[in-house]
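# Chains, contacts and geometry: an overview
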Amino acid sequence: MRKYAIASILSIMVAVISAAPALAITNVLLSPTNVSVNSNQIFTMTVTIDPQGESNYTNKLELNFPSDLIEVKSFAFSSGWMPVSQPGYDLVDNGNGVFIKTGGYPGGISAPTIFGTVTFSAKKAGTGLIKVSDNSLALDASSKNVLASQLSQVSIKISTPPPVPKPVLQPATPSAPVESETSKSVEQPLESGQTATAVQPGGISTSWILLAAAMSFIAFGAGILVGQKTKFSLGSIFKTDK
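Residues numbered from 1 in each chain as written. Predicted model: local features only at pLDDT ≥ 70, side-chain atom pairs only at ≥ 80, totals over all residues. Heavy atoms only, no water.

A word on the overall build of the protein. What the protein contains, in helices and strands, is three helices and twelve strands. Taking the contacts inside the protein whose residues are at least 6 apart along the sequence as the reference set, 78% of them involve residues at least 24 apart. Summed over all atoms, the accessible surface of the protein reaches about 15900 Å², with 59% contributed by carbon and sulfur. (Helix = DSSP H or I, 4+ residues; strand = E, 2+ residues; numbered from the N terminus. Contact = heavy atoms within 4.5 Å. Areas by Shrake-Rupley, 256 points an atom, 1.4 Å probe, with all protein chains shown as cover.)

See the structure below:
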């Protein structure tokens, strides 16, 4: 059934080549009509067929676009359309900037109907146009091309995105030095009238060493004096006995 429908659509399209001129009133509308994006961004474009009361049964859409600025990423038919995937009727050529999609609508359309959505990717900065090619077709019940001669187009402007600002590094705040317990004991403030003394590694000050030496000297002198006095007393006793 599907193959038969596609074959019928193709035969109608071939017959249109020799068909007599008809009233061209069907418009192909592209939306939005102006696109402004940054490079490397994705944007979409909706394609609508407007027969303006004249029934269309098969539509071939051909777009021309600046291939140095944009490329086609994908296309999605709207519901109700039967795609025609035959050579010459289905093409995505990003190298030459040509896009072709063809579809038949069983029973035809006579009111504005969405054909599908094209997704593009912006490649680099620049300006250009996406145009509906005059190779497009809109076939009525008599296989006559009723596509209007006034073809739609979309203006595109692609900009270079602003540079990402670099983070500013804040200088590190110096921390206060930590005093050890030893340094605290050495550097105690002096009270009024005190003299600073050096603390030895063992914790004994120089003053204490000198005081101990003086006391030892005094003790030694006292011992000598006691010995002399005892000797003198003993001599006196012995002298008296004589």
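With that settled, consider the environment of Val-146. Relative to the assigned elements, Val-146 resides in the loop between strand 11 (137-139) and strand 12 (153-159). Judged by its relative accessible area of 1%, Val-146 falls in the buried class. C-alpha of Val-146 to C-alpha of Ile-25: the two residues are 121 residues apart in sequence and 5.9 Å apart in space. (Buried < 20%, exposed > 50% of the residue type's maximum accessible area, 1.4 Å probe, protein only.)

What follows is about the pairing of strand 4 (residues 56-64). With seven of its nine residues buried, strand 4 lies for the most part within the structure. Two elements, strand 4 and strand 11, share three bridges in a ladder whose sense is antiparallel. Note that in strand 11 the partner of Lys-60 across the bridge is Leu-137. Strand direction decides the pairing type here: strand 4 and strand 10 (residues 126-132), joined by two bridges, are antiparallel. Considered in strand 10, the bridge of Asn-64 is made with Lys-131. (Pairing = 2+ DSSP bridges.)

This part covers the packing of aromatic side chains. One pass over the structure, following the stated rule, counts eight aromatic pairs. Ring centres 6.1 Å apart and planes at 45° place the aromatic pair Phe-75 and Phe-115 in the tilted group. Linking Phe-75 in strand 5 (residues 70-77) with Phe-115 in strand 9 (residues 113-122), this pair joins segments that are 40 residues apart in sequence. The pair Phe-75 / Phe-115 is uniform in exposure class, with both members buried. One aromatic cluster in this structure is built from Phe-75, Phe-77, Trp-81, Phe-99, Tyr-105 and Phe-115. (Phe/Tyr/Trp six-rings, centres within 6.5 Å; stacked < 30°, edge-to-face > 60°.)

Moving on: the environment of Gly-97. Within the secondary structure layout, Gly-97 lies in the loop between strand 7 (91-93) and strand 8 (98-109). Accessibility expressed as a relative area gives 2% for Gly-97, which makes it buried. When the C-alpha atoms of Gly-97 and Glu-71 are compared, they prove to be 7.5 Å apart, with 26 residues separating the residues in sequence. With sequence-adjacent residues up to four places away left out, Gly-97 is seen in contact with Leu-63, Asn-64, Phe-65 and Ser-67.

Here we take up the nonpolar core. With 30 residues, the main nonpolar core has Met-45, Leu-63, Ile-70, Val-118, Phe-120 and Ile-130 as its most contacted residues. Setting aside residues up to four positions removed in sequence, Leu-63 forms contacts with Leu-30, Met-45, Gly-97, Val-98, Phe-99, Val-118, Ile-130, Lys-131 and Val-132. (Core = buried A, V, L, I, M, F, W, Y, C linked by side-chain atoms within 4.5 Å.)

Turning next to the confidence of the model for the protein. Looking at the protein, the pLDDT average stands at 80 and 64% of residues meet or exceed 70. Segment residues 15-21 is flagged for pLDDT under 50; beyond a separation of four residues in sequence, or across chains, it makes nine contacts in the model. Note that pLDDT drops below 50 for residues 229-242; the model gives that stretch zero contacts with residues more than four away or on any other chain. (pLDDT = per-residue confidence, 0-100.)

The next point concerns unusual backbone geometry. The omega torsion across Ser-31 and Pro-32 is 0°, close enough to zero to call that bond cis. Its location among the elements puts Pro-32 in the loop between strand 1 (27-31) and strand 2 (34-38). For Asn-40, which is not glycine, the phi torsion reads 70° and is therefore positive. Relative to the elements of secondary structure, Asn-40 occurs in the loop between strand 2 and strand 3 (42-50). Take Asn-40: its relative accessible area is 66%, and that puts it in the exposed class. The backbone of Ser-143 sits at a positive phi, close to 60°, despite the residue not being glycine. If you trace the backbone, Ser-143 turns up in the loop between strand 11 and strand 12.

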